[in-house]
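Secondary and tertiary structure notes
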Amino acid sequence: MPNLYKLIDTSEATELIRSGGSFSFIGDERALAKLPKGNWVGGTTCYFTIDGKSVEERDKVFVIDYPAVAKLEKISLYKGETVSNVTNDAPENGFTILFMPAGSGASLHYSQFAPTYPGLFLKPIAGWITGMYLPDWNPASTHKDKLPKTFNGLTGESDTDSAIAMHFSLPQGKFAIVKTINPFVARKDSPVIRFEGNNSLIVRDAFVDGKKVNLPKYILENKVDFRFPIQANYSGTLINVSLPPEIQGEEMLLHQAVFSDMDYRFTEVAPEFKDSQKSCANNVIDPKKFIAGCSCILNHLSFNTNGGALCGIDGPLTFGEICYQIVGNTSVYLEMEE
Amino acid sequence: MIESILPSKEHEGWRKLLEGQISHNFSFVAAGLCVARNIREVRRNKSEESYNTALSEVYEFFRKYERFLINDIREIFTFEMEAA
């Protein structure tokens, strides 16, 4: 377990920063803006899973104080396509925690192109897409005070467009492993969906069981429940792509990119996660190995969860999760193994 | 230190894996992503150069994480090892 992994007051966070450690803080931007300069990075969200239940919190911040054995090598900022340097900047043995604001140039590039970055899977990268207080959500807003942000504790600056990474090294014999909890499985009766455009975030037409259709129209006509993501199987690793909360017209903006050479399927909740009382995602975690994690806010919002696997593991509720590449409707966490 | 059981790059099991003739589901998240990415690359570009680039990345991955992939390695390469 990290030394600290919980919601704390900003006064306590201030003391921690002044004590000289390296931290991640996650919270409302007003709370993060109160923190002094120091060795930390921050990302915005007001939503958390605490003791297996979803909570909204705007005054406290969630702290991750990384295990003492992990040495912070550097903090890197990335704008737009420079985020492709994230693997080059990561130490040979260690892990990278990456935060990217929703809708930022960095997150869009990462979503579309990370799976092609050379050596991406040789160095563990976990993190999430930062969000905001949902009643303020307006993707078209030009007011930067109400957009998802990252914070660079070294300078005290926040930004709506920069990704920020903490690169940690680990001593020989210790390994960081990125894991996921995916509460969804492909429906047995799902058609196979293939997309035309590669790396697409905006989807119009697709091949459904080989027949070209307008996908938004198909989803509506066939009454597909679009609270459930579509899913592709990457040699055993199931990757979700979240569908938008509303579908209108003949185009839809996906939360993560889809790729033309993958087969996607509609999903349902996996049998082992159907009983929300028994399937708390926290039960999957080994506290001795756990470093940090996050879970998708969409599962909480779409399924009104207040417990169980769909609520996710303890930690921030996020607007996209990073398990090397960006995924959706998933819990992602990092463990340390020997 | 565990003794390596990883077959050499010349073992034909690698080609079968990367050309999609062996279908294997990994439980190790990064392994699935890494292998699937390289299978797609080999499918997209059928040149020997493309295969060798894919093999280098997958082999390096398996070497780094071998201790977590022992069962996968046994499953993917056992038949090939017995046949050899």
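Given the structure is predicted, the values throughout are model-derived calculations rather than measurements.

1. Some remarks on the overall build of chain A
Broken down by element type, chain A carries six helices and 27 strands. For 338 residues, the compact-globule formula gives about 20 Å, and the C-alpha radius of gyration of chain A, at 19 Å, lands near that figure. For chain A, the C-alpha atoms occupy an extent of roughly 60 × 45 × 40 Å along the three principal directions. Per-residue burial for chain A yields a buried fraction of 62% across its 338 residues. Of all intrachain contacts in chain A linking residues separated by at least 6 positions in sequence, the fraction that spans at least 24 positions is 74%. Total accessible area on chain A stands at roughly 13500 Å², and carbon and sulfur atoms take up 48% of it. Of note, chain A has its 31 positive side-chain charges centred 1 Å away from the centre of its 39 negative side-chain charges.

2. Quick look at the interface of chain A and chain B
Of the residues lining the interface, 34 residues belong to chain A; the matching set on chain B comes to 22 residues. Regarding the contact of chain A and chain B, the summed buried area is about 2200 Å², with carbon and sulfur atoms giving 57% of it. Taken together, the links from chain A to chain B amount to two salt bridges. Summed over the shared surface of chain A and chain B, the result is eleven residue pairs in polar contact (both at pLDDT 80 or more). Sorting elements by how many residues they give to the side of chain A that touches chain B places strand 13 (residues 175-181) of chain A first, with six residues. Grouping the constituent residues of the side of chain A that touches chain B by class yields 18 nonpolar, ten polar and six charged.

3. Looking at the environment of isoleucine 297 of chain A
Residue and element names in this part refer to chain A. Looking at the element boundaries, isoleucine 297 is found in helix 6 (residues 297-303). Using a relative accessible area of 2% as the deciding quantity, one classes isoleucine 297 as buried. The spatial distance from the C-alpha of isoleucine 297 to the C-alpha of asparagine 240 is 14 Å, given a sequence separation of 57 residues. Residues within four places of isoleucine 297 in sequence aside, it is in contact with Tyr47, Leu134, Leu317, Thr318 and Phe319.

4. Structural notes on the nonpolar core
Residues Tyr110 and Tyr264 of chain A together with Phe61 and Phe62 of chain B are the most contacted members of the largest nonpolar core, which totals 126 residues. The element best represented in this core is helix 2 (residues 29-44) of chain B, accounting for nine residues. Residue contributions to this core reach at least three from each of two domains, namely domain 1 (4-181 + 277-337) and domain 2 (184-269) of chain A. Membership of the second largest hydrophobic core comes to 14 residues, among which are Ile8, Leu16, Leu32 and Leu35 of chain A.

5. Some points on the domain arrangement of chain A
Residue and element names in this part refer to chain A. Under the domain assignment used here, chain A contains domain 1 (4-181 + 277-337) and domain 2 (184-269). Its C-alpha centre places domain 1 at a distance of 26 Å from the equivalent point of domain 2. Of all residues in domain 1, the largest losses of buried area upon contact with domain 2 belong to Gln112, Phe303 and Asn329, amounting jointly to 33% of the total for that side. For the pair domain 1 and domain 2, the number of links is zero salt bridges. Where domain 1 touches domain 2, the interface holds eight residue pairs in polar contact (both at pLDDT 80 or more). Within the residue set of the side of domain 1 that touches domain 2, elements represented by two or more residues are helix 4 (105-113), helix 6 and strand 26 (325-327). Its residues assigned to classes, the side of domain 1 that touches domain 2 shows eight nonpolar, nine polar and no charged.

6. Regarding the sheet that holds strand 7 (residues 71-79) of chain A
Residue and element names in this part refer to chain A. Spatially, 7-12-8-9-25-26 is the arrangement adopted by the six strands of the open sheet, whose pairing is mixed. Two strands in the sheet have a free side with no partner beyond their single neighbour: strand 7 and strand 26. Averaged over all adjacent pairs, the angle separating strand axes in this sheet is 20°, with direction ignored. Set on the sheet, helix 4 makes contact with strand 7, strand 8 (94-101), strand 9 (125-130), strand 12 (162-169), strand 25 (321-323) and strand 26; between it and strand 8 the angle comes to about 120°.

7. Quick word on the side chain of glutamate 57 of chain B
Following the sequence through the fold, glutamate 57 of chain B ends up in helix 3 (residues 48-64). Given a relative accessible area of 13%, glutamate 57 of chain B falls into the buried group. Beyond its immediate stretch of four places on either side in the chain, glutamate 57 of chain B contacts Gly119, Phe121 and Leu122 of chain A together with Cys34, Arg37 and Asn38 of chain B.

8. A closer look at the sheet that holds strand 27 (residues 331-337) of chain A
All names here are of chain A. In space, the six strands of this open sheet follow the order 5-4-24-23-27-13, with mixed pairing throughout. The sheet terminates laterally at strand 5 (53-56) and strand 13, the two strands that pair on one side only. Between one strand axis and the next, the sheet turns by 30° as a mean value, whatever way the strands run. Relative to strand 24 (residues 315-318), strand 23 (residues 290-296) is paired through two bridges, and the arrangement is parallel.

9. What about the pattern of salt bridges?
In the structure shown here, the tally under the stated rule is 22 salt bridges over all chains. The partner of glutamate 335 of chain A in a salt bridge is lysine 179 of chain A, with the nearest N and O atoms 2.9 Å apart. Note that glutamate 335 of chain A is positioned in strand 27 and lysine 179 of chain A in strand 13, a separation of 156 residues in sequence. Across the salt bridge formed by arginine 15 of chain B and glutamate 19 of chain B, the nearest N and O atoms sit 3.1 Å from each other.

10. Focus on unusual backbone geometry
Residues and elements named next belong to chain A. One non-glycine residue, aspartate 209, adopts positive backbone phi at about 50°. Structurally, aspartate 209 is set in the loop between strand 17 (205-208) and strand 18 (211-214). Take aspartate 209: its relative accessible area is 54%, and that puts it in the exposed class. Even without glycine at this site, lysine 223 takes up a positive phi of about 50°. You can see lysine 223 is positioned in the loop between helix 5 (215-221) and strand 19 (230-234). For lysine 223, a relative accessible area of 73% gives the class exposed.

Calculation rules
- Residues numbered from 1 in each chain as written.
- Chains lettered and ligands numbered in written order.
- Predicted model: local features only at pLDDT ≥ 70, side-chain atom pairs only at ≥ 80, totals over all residues.
- Heavy atoms only, no water.
- Helix = DSSP H or I, 4+ residues; strand = E, 2+ residues; numbered from the N terminus.
- Rg over C-alpha atoms; globule rule 2.2 N^0.38 Å.
- Buried < 20%, exposed > 50% of the residue type's maximum accessible area, 1.4 Å probe, protein only.
- Contact = heavy atoms within 4.5 Å.
- Areas by Shrake-Rupley, 256 points an atom, 1.4 Å probe, with all protein chains shown as cover.
- Lys, Arg positive; Asp, Glu negative; His and termini not counted.
- Charge placed at Lys NZ, Arg CZ, Asp CG, Glu CD.
- Buried area = accessible area lost by both parts, 1.4 Å probe.
- Salt bridge = Lys/Arg side-chain N within 4 Å of Asp/Glu carboxyl O.
- Polar contact = N/O pair within 3.5 Å; in protein donor to acceptor, adjacent residues only side chain to side chain.
- Nonpolar A, V, L, I, M, F, W, Y, C, P; charged D, E, K, R; others polar.
- Core = buried A, V, L, I, M, F, W, Y, C linked by side-chain atoms within 4.5 Å.
- Domains from an automatic or database assignment.
- Pairing = 2+ DSSP bridges.
- Axes fitted to C-alpha atoms, helices over the stretch in contact; angles between N-to-C directions.

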